[in-house]
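Each chain is listed here by its residues.
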Amino acid sequence: MNIPKHIAIIMDGNGRWAKARGLPRVMGHAQGVEAVKKIVKSCVKIGVKHLTLYAFSNENWSRPDHEVKALFKLLEDFIDKEFKLFHENKIKFNIIGERQRIQKDVLVKMENTEKDTQDYNNLTLNIALSYGARQEILNAAKILAEDVLNAKIGLSEIDEKIFSSKLYTKGQPDPELLIRTSGEMRVSNFLLWQISYTEFYVTETLWPDFDDKELNKAIEEYNKRDRRFGGR
Ligand code: FPP
């Protein structure tokens with residue numbers, strides 16, 4: 001079976017998972033973290049090299065304060081407790097998104113984890129946090145505009161490769177497979193530049209129930225696709 005080098009996941013359905021059990025939404029997110037741990041381990045096992053998880057979008061800032069706080073607490077606990085997971089499996093931790101909006105002490109912790117794991121190359125784990133693809137693209141356009149203004153680069157030199165190098169995912173291949181859980185058929189401002197030719201797989205399964213069997217199913221389905229990249 002052909003294993004994608006890069007898999008991106010929109011982890012949706014935590015709230016519905018909790019609601020179905022009469023639990024607070026936050027319990028759904030907590031169970032979502034358990035699914036994250038399982039999937040990270042599965043990806044290492046089967047040889048996926050890059051995994052990008054949509055943990056918190058720019059739009060998610062408008063959720064109730066207590067939910068935002070709870071989500072960041074879960075993320076903080078995840079990096080505190082999963083130290084062993086990163087080091088034993090040589091996982092490079094990387095956050096993508098608008099860092100300046102993240103609470104300072106949590107950001108410092110995350111950036112320390114990035115530094116501690118920067119030389120690992122078994123799996124790059126990108127956590128999209130305070131992330132929006134349009135903002136990412138705008139940001140890249142502004143960096144390049146500034147470079148042109150400062151005569152660091154000529155306008156005609158700007159191509160797709162240079163543009164990509166200004167995105168948060170610089171140096172990483174585009175995802176071959178994008179998975180969305182809980183049945184919604186939307187891209188939700190996720191990796192708009194990077195998913196130009198990505199295969200999209202949607203499952204009804206809610207994120208907390210997503211496991212290695214589900215991942216396998218998605219990869220099997222991906223293997224059945226005829227990828228033509230706009231050609232023939
Ligand atoms: C969408 O479910 C999910 C989120 C907004 C958060 C995803 C976060 C996690 C799984 C936990 C943190 C992750 C890491 C990387 C440790 P929803 O709340 O929109 O669900 P609903 O659509 O059913 O209401």
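Whatever comes next refers back to the structure up there.
These remarks concern the structure in this document.

Take Thr205: it is sitting in the loop between β6 (199–202) and α8 (212–224). Look at Thr205 and you get buried, because its relative accessible area is 17%. Of the polar contacts made by the side chain of Thr205, one reaches the side chain of Glu214; its length is 3.2 Å. Beyond its immediate sequence surroundings of up to four residues, Thr205 is in contact with Thr181, Ser182, Phe210 and Glu214.

We now examine the packing of helix α2 (residues 25–46) against α8. Relative to each other, α2 and α8 sit at 50°, their axes nearing to 10 Å. Of the possible angle classes, the one that applies to α2 and α8 is oblique. Where α2 crosses over α8, the two elements pack in a sense that is right-handed. Across the interface between the two elements, Ile39, Ser42, Cys43 and Ile46 from α2 touch Asp212, Leu215 and Ile219 from α8. Grouping the constituent residues of the contact of α2 with α8 by class yields five nonpolar, one polar and one charged.

Residue Ser130 is not a glycine yet carries a positive backbone phi of 55°. Residue position: Ser130 is located in strand β4 (residues 123–131). You can call Ser130 buried: its relative accessible area is 0%. Of note in this structure, Leu191 is not a glycine but carries a positive phi near 45°. By the secondary structure assignment, Leu191 is in the loop between β5 (177–180) and β6.

Of the volumes computed, that of the largest pocket is approximately 660 Å³. If you go around the largest pocket, you meet 31 residues; those closest to its centre are Met11, Asn14, Tyr54, Ala55 and Asn60. Put simply, the parts of the chain that give the lining of the largest pocket at least two residues each are α1 (14–20), α2, β2 (50–57) and α3 (65–81). Tallied by class, residues from the lining of the largest pocket come to 14 nonpolar, eight polar and nine charged. In this model, the second largest pocket occupies a volume close to 350 Å³. Together, 19 residues line the second largest pocket, and Glu160, Ser164, Asp174, Trp193 and Gln194 are the ones closest to its centre.

Let's shift gears to α3. Relative to the 24 Å expected for 17 residues at 1.5 Å per residue, α3 spans 24 Å between its end C-alpha atoms, a close match to the ideal helical length. Turning to α3, its buried residues are Glu67, Val68, Ala70, Leu71, Phe72, Leu74, Leu75, Glu76, Phe78 and Ile79. On its buried face, α3 is in contact with α2, β2, α4 (83–88), β3 (91–96), α5 (104–117) and β4.

A complete count under the given rule lists 11 aromatic pairs for this structure. Ring geometry for Trp61 versus Phe72: centroids 5.5 Å apart, planes at 15°, classification stacked. Of this pair, Trp61 sits in the loop between β2 and α3 while Phe72 sits in helix α3, placing them 11 residues apart in sequence. Classification of Trp61 as partly exposed rests on a relative accessible area of 23%. Seen in terms of ring centroids, Phe78 and Phe86 are 5.9 Å apart; in terms of plane orientation they differ by 80°. Their pairing is edge-to-face. These aromatic residues form a ring-pair network of at least three members: Tyr54, Tyr131, Tyr168 and Phe190.

Parameters at a glance
- Residues numbered from 1 in each chain as written.
- Predicted model: local features only at pLDDT ≥ 70, side-chain atom pairs only at ≥ 80, totals over all residues.
- Heavy atoms only, no water.
- Helix = DSSP H or I, 4+ residues; strand = E, 2+ residues; numbered from the N terminus.
- Buried < 20%, exposed > 50% of the residue type's maximum accessible area, 1.4 Å probe, protein only.
- Polar contact = N/O pair within 3.5 Å; in protein donor to acceptor, adjacent residues only side chain to side chain.
- Contact = heavy atoms within 4.5 Å.
- Axes fitted to C-alpha atoms, helices over the stretch in contact; angles between N-to-C directions.
- Parallel < 35°, antiparallel > 145°, perpendicular 65-115°, else oblique.
- Left-handed = near helix turned anticlockwise from the far one by under 90°.
- Nonpolar A, V, L, I, M, F, W, Y, C, P; charged D, E, K, R; others polar.
- 1 Å grid on protein atoms, 1.4 Å probe; cavity = no way out; pocket = protein on both sides within 12 Å on 5 of 7 lines; lining within 4 Å.
- Points joined across faces, edges and corners; volume = space filled by probe spheres on them.
- Expected span 1.5 Å × (residues − 1).
- Phe/Tyr/Trp six-rings, centres within 6.5 Å; stacked < 30°, edge-to-face > 60°.

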